[in-house]
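Topology and contacts: notes
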Amino acid sequence: MRARSSALTKGLVLAAGLTLVLGACSGGGGGSSPGNGHAGLTSCAEQGQANTCNSGPTKAGGTFTYVLEKNIQQWNVQDTNGNTFENGEALQVVLPSVFVPQPDFTVKLNTDLVSSVSQTSTSPQTLVYKINPKASWNDGTPITADDFVYYWRTNNGKDCPPPPASDSTQTKGCLPQSTAGYDRVKSVTGSDGGRTVTVVMAKPYSDWKSLFGAGYPLYPAHVAEKLSGAKQGDAAHMTAAQLTQGWQYFQKTPPSKYPTAGPYKMQSWVDNDHATYVPDPRWRGAHKATLQRLIFKVITDATQEPIALRNNEVQGIYPQPEVDLVNQVKSIPNVTYTIGNGLTWEHFDLNLHNPVLGKYAALRRSMFTAISIKDIVAKTVGQFDPEVKQLGNHNFVPGQAGYKDLVTPTGQGSGDLTKAKKYLTDAKFTGVGSALRTPDGKAVGPFNCRYTTGNQIRQSECQILQSDLANLGIKVTIKPIGAADLGTVLTGHQYDIIVFAWVAAPFPTSGAQQNWVTGGGGNYGGYSNKKVDALVAQAVGETDPAKAAQLLDQADQIMVDDAYVLPLYQKPTFLAVQTRFVNMRNNSTNVGPAYNTGEWGLKK
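Regarding the state of the cysteines
For the coordinates displayed, the defined rule picks out three disulfides. Across the disulfide, Cys44 is cross-linked to Cys53 (sulfur-sulfur distance 2.0 Å). For the disulfide bridge between Cys44 and Cys53, the dihedral angle about the S-S bond is near 85 degrees, and by the sign convention the bridge is right-handed. Residue classification places Cys53 among the buried residues on the basis of a relative accessible area of 2%. With its disulfide-bonded cysteines labelled consecutively along the sequence, the protein chain is connected as 1-2, 3-4, 5-6.

Written as C-alpha cells, this is what we have:
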C-alpha cells in the first residue's frame, strides 16, 4: 500500500477472484452541460462505468496541468521512502508496468510492455512473460528479461540487503517498500533473445499479478549496469554494491535524465514546482499522446486548488475532498467532477516503539474504544458524503468478498467511555479519567497526534481524538507534519499517534505482508505478532482466493484484539477536470487518475 502523500499495497481483487462494487457516490458538471453525448465524470457513479466514463476521441494539441499535492523528494518509488502517491503518479507516466490497476479495482495487462503473461505450472508455480517485440527504452535499448532480473534482485531483500540502521542515507543497500512475492522467486531467466521471461517461484504466491508493476514500474537495468560498472545485460551477476549504486541513482535522479518507456517523456523537473512532459516520438505503443504538453504542478495547499482550477492555471485536480473545497468546485463553470470511495482508507496508528503504548494492549483497546468514529465522520467527510461509514477491517473494504466487519463488534471506534474505562480499571491503571498512570505508576502520555499540515479534516480528527482521550485522563498535543515530511515521520517513528490514509493496490495478501508482518516495509509502528505473521504467510502462499481471504480475516481478528491500527472509514476521493478534456477518470487505487495519461487529451 502507498500512504497518500506517502501510502501501501492491498489484496488481490481480480487475481484472487474477489469482486468489488465501485462506491462512486456522486458527481456533477459544475453547472455546465457536458453535451455531445459526453457525460463527463458524472457517469462514473453508475455501476459498470468506472473504466469507461468520461471517454471520448481526442484531437492533437493542448496543455493539461494536473495537480500534485506534495513535492517529490526522491524518485525511486520502489524504495520505502520514495513510496509516495505523488511519486507513483509522476513516474507511471514514463515507466512501464506489467499489470495496471484500473478504476474498478481490476488489473489490466499492459500490452505495450508484454504481449501475454501466463501461469504455465502450479508446481512449481511458473510464470511466463512474452515481452512485446516493440517494447524498448527510448534510447533504443530493447526491454528484456534483464530488466525483470534487475527488478527482482533489487526487491527480494537478499541480493541487495537493506542498509544497516546506522546508514541513515541508505548508501549501503536497498530498502524496498515491500519484498512481497520477490522473496518467493527462485529464478528469473530470459530466452528468445531476452524477449521471453520465465519466473519460477520457490513457494507459491497468490498475488503473482502484482509482480513487476501494479504501481511500482520497471526501471532501466542497462542504466544501472552502466553507471555501476557492471556488464550490460548481466543484471544476474551484479554485486550488492552495484545494485545499490543503481538503487541510489534512481532515488536521486528524475526520469528526465535517463531513458524511459511511455507515450510521454519527462522534459524537465523544477523542484517543488512542476514536471513537464511532452510526447515521446520514439514511443511505439498502441496509443500516441495527443496533448502538446502535460504538466504536473505541485500545489501543497489544497485550498488553492479550486482557485487554480477556476483561473485556468490548472485543468485537473485530485484533492482530498473537504466541504468548502467541494462547494467551490461545484460553482466553477465547465468543470466536471466525481466523488468516489475505493481502496483508500483513513486510520489512526499507534507507535508501538513508545514503551507505554507498546507494552499495554489494554491501554490501546481503551483508547480505540473511547474514540467516536461516528463523531469523526459527522464532523468531517460526512458533511459532503453521507454514505461514509466506519470501516471494520484492515485488509478489505465493503464490497470485497473478503470483507467482514471485525472492528465494530469489539466496541472500538464506538466512543463507549464506560467500556473504555473498564479496560483500564481491569488492568489496574490508576487516575482513570483524571491523570492516567500505568499499573506500576508511570504517567500515560502526554502523547502527540500528528497529521499533515494544511489538511483540515485530519486536524479535526486529531482534535476529536484529543477530546475523547482526555476523558480517560490522557493528554494529547496536536503536532502537524511538514508538507513533504510524512515519509520521514513514519520511517523515523516520530509520532505517538498518527492519522493518514493508505492508498491500496488491488492485492490484499501482499499488502498484509507489507503492513502487518514483523519488519514489513509499511509496518512503521513496529507491530509484531507471530500468529499474525504465520497466518499472513499462509495467505500469501494460498492460491485459493477464498481460503486466502479467510486466513487474512483470521489474522485481522488478532490484530483488532491487539489494537495497533484503528480503521476509520473508506476515504472519499474527488476528481475534477475541465469538460473540454476527456479520458481522465477517478482511480481510487495506489496509481490514481494518472494510470492512463497516454489517453488524456482535448475532446474532439
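Considering the nonpolar core
Within the largest apolar cluster, 172 residues are counted, with the highest numbers of intra-cluster contacts made by Tyr129, Phe212, Phe296 and Leu363. When residues of this core are assigned to their parent elements, the largest contribution, eight residues, is made by strand β22 (residues 565-578). With residues up to four places along the chain from it excluded, the contact list for Tyr129 reads Val98, Val114, Ser116, Val117, Phe148, Arg195, Thr196, Val197, Val199, Trp208, Leu211 and Phe212.

What to know about the packing of aromatic side chains
Inspection of every chain in the model, using the stated rule, returns 25 aromatic pairs. Ring centres of Tyr129 and Phe212 lie 5.6 Å apart, and the angle between their planes is 85 degrees; this geometry places the pair in the edge-to-face category. Taken together, the residues span a long stretch of sequence, with Tyr129 in strand β10 (residues 125-131) and Phe212 in the loop between β12 (196-201) and α3 (221-228) at a distance of 83 residues. You'll find Tyr129 and Phe212 in the same group, each marked buried. Centroid distance Tyr151 to Phe212: 5.4 Å. Interplanar angle 80 degrees. Geometry classified as edge-to-face. Taken together, the residues span a long stretch of sequence, with Tyr151 in helix α2 (residues 145-155) and Phe212 in the loop between β12 and α3 at a distance of 61 residues.

Rules behind the numbers
- Residues numbered from 1 in each chain as written.
- Predicted model: local features only at pLDDT ≥ 70, side-chain atom pairs only at ≥ 80, totals over all residues.
- Heavy atoms only, no water.
- Disulfide = S-S within 2.5 Å.
- Buried < 20%, exposed > 50% of the residue type's maximum accessible area, 1.4 Å probe, protein only.
- Core = buried A, V, L, I, M, F, W, Y, C linked by side-chain atoms within 4.5 Å.
- Helix = DSSP H or I, 4+ residues; strand = E, 2+ residues; numbered from the N terminus.
- Contact = heavy atoms within 4.5 Å.
- Phe/Tyr/Trp six-rings, centres within 6.5 Å; stacked < 30°, edge-to-face > 60°.

Scope: geometric values only; no functional claims are made or implied.
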